[in-house]
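Inside the fold
Below, each chain spelled out in residue letters.
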Amino acid sequence: MSDKKLNILFAASEVVPFAKTGGLADVAGALPKAIKELGHDIKVVMPRYYKIDTSKLTKLEEPLGVPMGVMGEFWAGVYTTTLPNSDVSIYFIDYEEYFGRSGLYEDEHGNGYKDNANRFMFFSKAALQLCKMLHFTPDIIHANDWHTAAMPLLSKTRFIHDFAHAKSVLTIHNLQHQGVFFKGLMDVMEVGWEHFNSHEFESHDNVNLLKGGIAHADAVTTVSKKYANEIQTSEFGFGLENHIQAHSHKVYGILNGVDYDEWNPSVDRLIAKKYDVGKMSGKKACKKDIQKHFGLEIRNDVVIIGFVGRFVEQKGIGLIASVLNGVLDMDVQVVMLGTGEKWAERFFSDVSLHRLNFGLHVGYDEVMAHKIEAGSDMFLMPSLFEPCGLNQIYSLRYGTLPIVRATGGLDDTIVNFDEAKKEGNGFKFYDATHDALYHTVLWAVNVYYKNNKAFKAMQKRAMKEYFGWDRAAQSYVDVYKNISNR
Ligand code: ADP
Ligand code: GLC
């Protein structure tokens, strides 16, 4: 069994480079490649959103029939290509009425689409039907987050005929979003109303897709070890802590990796000048580049603190807002890139009008994200919770030392600076208070100016660390094998 080649279906609602709103897309674009390199056959499936250009994709001839319970059968198109620099096939489920829209989950005003329940139930079922059409018999169905969380039970009930031997894995990237909908969804899901109870899909008389997925997946993984423990507590469990505790025997924490072909200053084509741990001079050019872009004073000797991320509470933007003016009183420059809650966009825009040492870019901008990683000296990530977090790991490779709150993957990847022991790769605080954040920033800035030798040594240590996807892929394969043997 141990050398057996596994067939895996990997379903995700977003995949780099085709569609992305956050880290799930980075994971879905990289992990399957690393799993394939371990010798397994893995196919990826995602919706074909409107903005995905089909001109370079191949259209499959056959239409795909998708049973939608009381709504009848819908017919979808299927496109395919391979993930860049790999031979991993990816399939796109094309259904204009559900996915021919500008947003993935919400419109341009931030309102979630009213039919998200049906959209992603349709996608989950289509993903399973696709296997049949391709004559692909998965040993493992790997679902991600609430969008595809119905797949484990679907494969054991409505679709059992084609998946009799398949096992399922559900990866939780973010427990805050559970896919809670009107209970009528059960009639579209077609797994039987007996599964609508408080141990499976029911919560407060609604359907909770993630809850049901946790109950029925053969293994539940989350994206760091620390978060795997945190979600079993009331502080981080978003109401599902007891449910997850009840299934804790099948919960695993596997830290995400980094795609170093994408996020690596020695090969990054999006930054002003490449650099690496042996030749750091390019980082100065990158610093100047963002100072120019944001209209900041051009000074190599000033510390730049960067932020890239969604402007949502999770990311600690409330904390940042409360300390920002105090931090800007220090001899620093701060640059922020993000989009999200309107109050935050307004607040930060206001500050940028008044403070000369603050640069803001409201929006989603891949190139700018790379430039900020490369040009900053420190990276701010004071998240209230963080299942894994990718930007702090990217930052390490760019020698941009993270300032983080000790939660989830941030705690697992960042080791606090310890001058005496010559240890650490960043600066870490524990309490989610503005005092703790402010003093940690102050401390980091002081180390930069008053103990620059130690700062530089820490930068070098950080840049030499390795978080490649190969390690994580092996851990996933271990989980796959473990459940296949049961
Ligand atoms: P999350 O998935 O919770 O948003 P992660 O740290 O796992 O957090 O991943 C976020 C990813 O999205 C990173 O690759 C980051 O660079 C990217 N990102 C977030 N906001 C923006 C933005 N405004 N512009 C460009 N990239 C962004
Ligand atoms: C989620 C989490 C983030 C994680 C990402 C990829 O969006 O918020 O912490 O890194 O998924 O797993």
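From a predicted model like this one, the values you see are computed outputs, not experimental measurements.

With respect to topology, six strands assemble into an open sheet ordered β16-β15-β14-β17-β18-β19, the strand pairing being parallel. Of all strands in the sheet, those bounded by a partner on one side alone are β16 (358–362) and β19 (427–429). Taking the axes of each pair of neighbouring strands and ignoring which way they run, one obtains an average angle of 15 degrees across the sheet. As paired strands, strand β14 (residues 303–311) and strand β17 (residues 378–381) are joined by two bridges and run parallel to one another. Pairing of I305 across the sheet is with M378, part of β17. The strands touched by helix α9 (residues 281–293) within the sheet are β14, β15 (332–340) and β16, with β14 carrying the most contacts at an inclination of about 65 degrees. On top of the sheet, helix α11 (residues 342–354) reaches β14, β15 and β16; it is set at about 145 degrees to β16, its chief contact.

If you trace the three strands from one edge of the open sheet to the other, you get β9-β11-β10, paired in antiparallel fashion. The open sheet has two edge strands, β9 (180–181) and β10 (202–203), and neither has a second partner. Summarising the sheet, β9 and strand β11 (residues 206–208) pair through two bridges and their orientation is antiparallel. Bridging across to β11, V180 finds its partner in N208. Running at roughly 50 degrees to β11, helix α6 (residues 209–216) makes contact with β9, β10 and β11 of the sheet.

Our next topic: the domain arrangement of the protein chain. You can read the domains of the protein chain as domain 1 (7–257 + 469–484) and domain 2 (281–463). Between domain 1 and domain 2, the C-alpha centre-to-centre distance is 33 Å. Listed per partner, the contact involves 19 residues of domain 1 and 19 residues of domain 2. Across the domain 1/domain 2 interface, buried area totals approximately 1400 Å², and carbon plus sulfur atoms make up 56% of it. When the buried area of domain 1 at its contact with domain 2 is split by residue, K20, K226 and L255 rank highest and sum to 28% of it. At the boundary of domain 1 and domain 2, one finds one salt bridge. The closest approach of N and O atoms between D411 and K226, which form a salt bridge, is 2.8 Å. The interface formed by domain 1 and domain 2 holds nine residue pairs in polar contact (both at pLDDT 80 or more) in total. Secondary-structure elements contributing two or more residues to the side of domain 1 that touches domain 2 are α1 (23–37) and α7 (225–230). Here the element with the most residues in the side of domain 1 that touches domain 2 is α7; it accounts for four residues. A breakdown of the residues in the side of domain 1 that touches domain 2 according to their chemical character gives five nonpolar, eight polar and six charged.

Moving on, we come to the site of ligand 2. The local shell around ligand 2 holds 13 residues, among which H173, N256, Q314, E386 and G389 are the closest. P387 is positioned with one of its backbone polar atoms (N or O) 3.5 Å from an oxygen atom of ligand 2. The backbone of G389 places a nitrogen or oxygen atom 2.8 Å from an oxygen atom of ligand 2. When isolated, ligand 2 has an accessible area of 310 Å², and the protein chains bury 93% of it.

Once that is clear, we can look at the site of ligand 1. For ligand 1, the set of nearby residues contains 23 residues, the closest of which are K20, G23, R310, K315 and G363. With respect to ligand 1, the side chain of R310 contributes an N or O atom lying 2.8 Å from an oxygen atom. Between an oxygen atom of ligand 1 and a side-chain N or O atom of K315, the distance comes to 2.8 Å. Considered on its own, ligand 1 offers 560 Å² of accessible surface; in the complex 93% of this is hidden by protein. For the shell around ligand 1, the secondary-structure elements that each account for two or more residues are α1, β14, β15, α12 (366–375) and α13 (391–397).

Before going further, it helps to examine the pattern of salt bridges. A side chain of one charge can pair with a side chain of the opposite charge if their charged atoms are brought near each other. The tally for this structure, following the rule as stated, stands at 20 salt bridges. When the shortest N-O distance is used, the salt bridge between K183 and D205 registers 3.1 Å. Here K183 is found in the loop between β9 and α5 (185–189), whereas its partner D205 is found in the loop between β10 and β11, with 22 residues between them in sequence. For K183, a relative accessible area of 27% translates into the label partly exposed. In this structure D205 comes out as partly exposed when scored by relative accessible area, which is 40%. Notably, a salt bridge pairs D331 with R299, separated by 3.1 Å at the nearest N-O pair. A residue pair is termed long-range when its members are at least 10 positions apart, and D331 in the loop between α10 (317–328) and β15 and R299 in the loop between α9 and β14 qualify at 32 residues. Here the salt bridges do not stand alone but share partners, grouping K36, D41 and D87 into one network.

Below, the discussion takes up the layout of surface pockets. Space inside the second largest pocket adds up to approximately 450 Å³. Forming the boundary of the second largest pocket are 26 residues, of which V16, P17, D259, E262 and E366 lie nearest the centre. Of all the elements in the fold, those that place two or more residues in the lining of the second largest pocket are α1 and α12. At five residues, the largest contribution of residues to the lining of the second largest pocket is made by α1. Looking at side-chain class alone, the lining of the second largest pocket contains 14 nonpolar, four polar and eight charged residues. Each of domain 1 (7–257 + 469–484) and domain 2 (281–463) gives at least three residues to the lining of the second largest pocket.

Our next topic: the nonpolar core. Of all hydrophobic cores here, the largest spans 172 residues; its most connected members are F122, L209 and F348. If you count residues domain by domain, this core takes at least three from each of domain 1 (7–257 + 469–484) and domain 2 (281–463). Ignoring sequence-local partners within four residues, the contact set of F348 consists of F311, I317, I320, A321, L324, M336, F358 and L360.

What counts and what doesn't
Residues numbered from 1 in each chain as written. Chains lettered and ligands numbered in written order. Predicted model: local features only at pLDDT ≥ 70, side-chain atom pairs only at ≥ 80, totals over all residues. Heavy atoms only, no water. Pairing = 2+ DSSP bridges. Helix = DSSP H or I, 4+ residues; strand = E, 2+ residues; numbered from the N terminus. Axes fitted to C-alpha atoms, helices over the stretch in contact; angles between N-to-C directions. Contact = heavy atoms within 4.5 Å. Domains from an automatic or database assignment. Buried area = accessible area lost by both parts, 1.4 Å probe. Salt bridge = Lys/Arg side-chain N within 4 Å of Asp/Glu carboxyl O. Polar contact = N/O pair within 3.5 Å; in protein donor to acceptor, adjacent residues only side chain to side chain. Nonpolar A, V, L, I, M, F, W, Y, C, P; charged D, E, K, R; others polar. Near = heavy atom within 4 Å. Areas by Shrake-Rupley, 256 points an atom, 1.4 Å probe, with all protein chains shown as cover. Buried < 20%, exposed > 50% of the residue type's maximum accessible area, 1.4 Å probe, protein only. 1 Å grid on protein atoms, 1.4 Å probe; cavity = no way out; pocket = protein on both sides within 12 Å on 5 of 7 lines; lining within 4 Å. Points joined across faces, edges and corners; volume = space filled by probe spheres on them. Core = buried A, V, L, I, M, F, W, Y, C linked by side-chain atoms within 4.5 Å.

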